[in-house]
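Commentary on secondary and tertiary structure
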Amino acid sequence: MNSSNSNRQHDQSTVNYQNPVQENPNIPQRIALSSEEITVLKQCNQESFWYRCLPVGVGLMVLTQAYTRSLSKTIVAGVFGYLSGKVSYAETCRQRILQLENSSLAESIRKGRRGATAGVDMLQDM
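Residues numbered from 1 in each chain as written. Predicted model: local features only at pLDDT ≥ 70, side-chain atom pairs only at ≥ 80, totals over all residues. Heavy atoms only, no water.

Quick word on the overall build of the chain
Helix and strand counts for the chain come out as six helices and zero strands. Walking the chain from its N terminus toward its C terminus, one meets helices and strands in the order α-α-α-α-α-α. Across the 126 residues in the chain, those meeting the buried criterion constitute 25%. Across the chain, contacts joining residues at least 24 apart in sequence account for 66% of those joining residues at least 6 apart. Surface summary for the chain: the accessible area is close to 9,500 Å², and the carbon and sulfur share equals 55%. (Helix = DSSP H or I, 4+ residues; strand = E, 2+ residues; numbered from the N terminus. Buried < 20%, exposed > 50% of the residue type's maximum accessible area, 1.4 Å probe, protein only. Contact = heavy atoms within 4.5 Å. Areas by Shrake-Rupley, 256 points an atom, 1.4 Å probe, with all protein chains shown as cover.)

And the structure:
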């Protein structure tokens with residue numbers, strides 16, 4: 001009797017991990033990126049750093065240091081500037097991706113899927 005209860009509990013707790021993404025269309029799916037898409041995302045990542053993140057971050061740090069003389073506030077200002085630079089460059093990158101021909105990422109953005117930026121996370125690890 002004890003083994004039958006154990007089997008029932010095991011059967012109820014078994015989860016089907018074979019294909020969980022297709023069961024729920026609301027979960028963003030990973031997009032297989034082409035080499036052209038990866039190149040554009042890498043360029044966007046580099047350009048956003050050099051043209052927005054670095055200037056805005058350093059500018060805010062200099063201003064904060066001049067007015068407050070506080071190292072912790074200066075560091076927070078630098079992080080805020082970095083993040084602001086990334087966010088401000090997002091639309092530029094989006095437009096570049098949308099100009100790509102035969103791009104699954106561009107098609108995903110056009111459809112308004114949340115998973116359209118899944119490739120960007122991959123680039124952060126590089």
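Points about the environment of Gln-95
Its location among the elements puts Gln-95 in helix 4 (residues 71-98). Sequence separation between Gln-95 and Ala-106 is 11 residues, and the spatial gap between their C-alpha atoms is 9.1 Å.

A few points about the packing of helix 4 against helix 5 (residues 104-111)
Contact geometry of helix 4 with helix 5 gives a least axis separation of 8 Å together with a crossing angle of 115°. Considering how the two elements wind past one another, helix 4 and helix 5 form a crossing that is left-handed. Here Arg-94, Ile-97 and Leu-98 of helix 4 lie close against helix 5, whose contacting residues are Leu-105, Ala-106, Ile-109 and Arg-110. When grouped by side-chain class, the residues that make up the contact of helix 4 with helix 5 number five nonpolar, no polar and two charged. (Axes fitted to C-alpha atoms, helices over the stretch in contact; angles between N-to-C directions. Left-handed = near helix turned anticlockwise from the far one by under 90°. Nonpolar A, V, L, I, M, F, W, Y, C, P; charged D, E, K, R; others polar.)

Description of a nonpolar patch on the surface
Taken together, the side chains of Trp-50, Tyr-51, Leu-54, Val-58 and Val-62 make up a nonpolar region of the molecular surface, amounting to roughly 530 Å² of accessible area. Structurally, the position occupied by Leu-54 is in helix 3 (residues 35-68). (Patch = residues over 30% accessible without salt bridge, like charges linked within 9 Å, V, L, I, M, F, W, Y side chains within 5 Å. Salt bridge = Lys/Arg side-chain N within 4 Å of Asp/Glu carboxyl O.)

As for the pattern of salt bridges
For side chains of opposite charge, pairing can occur when their charged atoms come near one another. Inspection of every chain in the model, using the stated rule, returns three salt bridges. Salt-bridge contacts for Glu-47 lead to Arg-96; the nearest nitrogen and oxygen are separated by 2.6 Å. You can see Glu-47 sitting in helix 3 and its partner Arg-96 sitting in helix 4, a full 49 residues away along the chain. By relative accessible area, Arg-96 is classed as partly exposed at 27%. One salt bridge in this structure joins Arg-94 and Glu-91, with 3.3 Å as the shortest N-O distance. Taken as a pair, Arg-94 and Glu-91 lie in helix 4 at a separation of three residues, close to a single helical turn.

Focus on helix 4
Taking 1.5 Å as the rise per residue, helix 4 with 28 residues should run 40 Å; its terminal C-alpha atoms sit 41 Å apart, in good agreement. The sharpest bend along helix 4 comes to roughly 35°, located at Ala-90. Among the residues of helix 4, Thr-74, Ala-77, Gly-78, Gly-81, Gly-85, Tyr-89, Cys-93, Ile-97 and Leu-98 are the ones counted as buried. Where the residues of helix 4 are buried, they touch helix 3 and helix 5. (Expected span 1.5 Å × (residues − 1). Bend = angle between axes of the 7 residues up to and from the residue.)

So, the packing of aromatic side chains
In the structure shown here, the tally under the stated rule is one aromatic pair. Relative to Trp-50, the ring of Phe-49 has its centre 5.0 Å away and its plane inclined at 80°; by these criteria the two rings are edge-to-face. (Phe/Tyr/Trp six-rings, centres within 6.5 Å; stacked < 30°, edge-to-face > 60°.)

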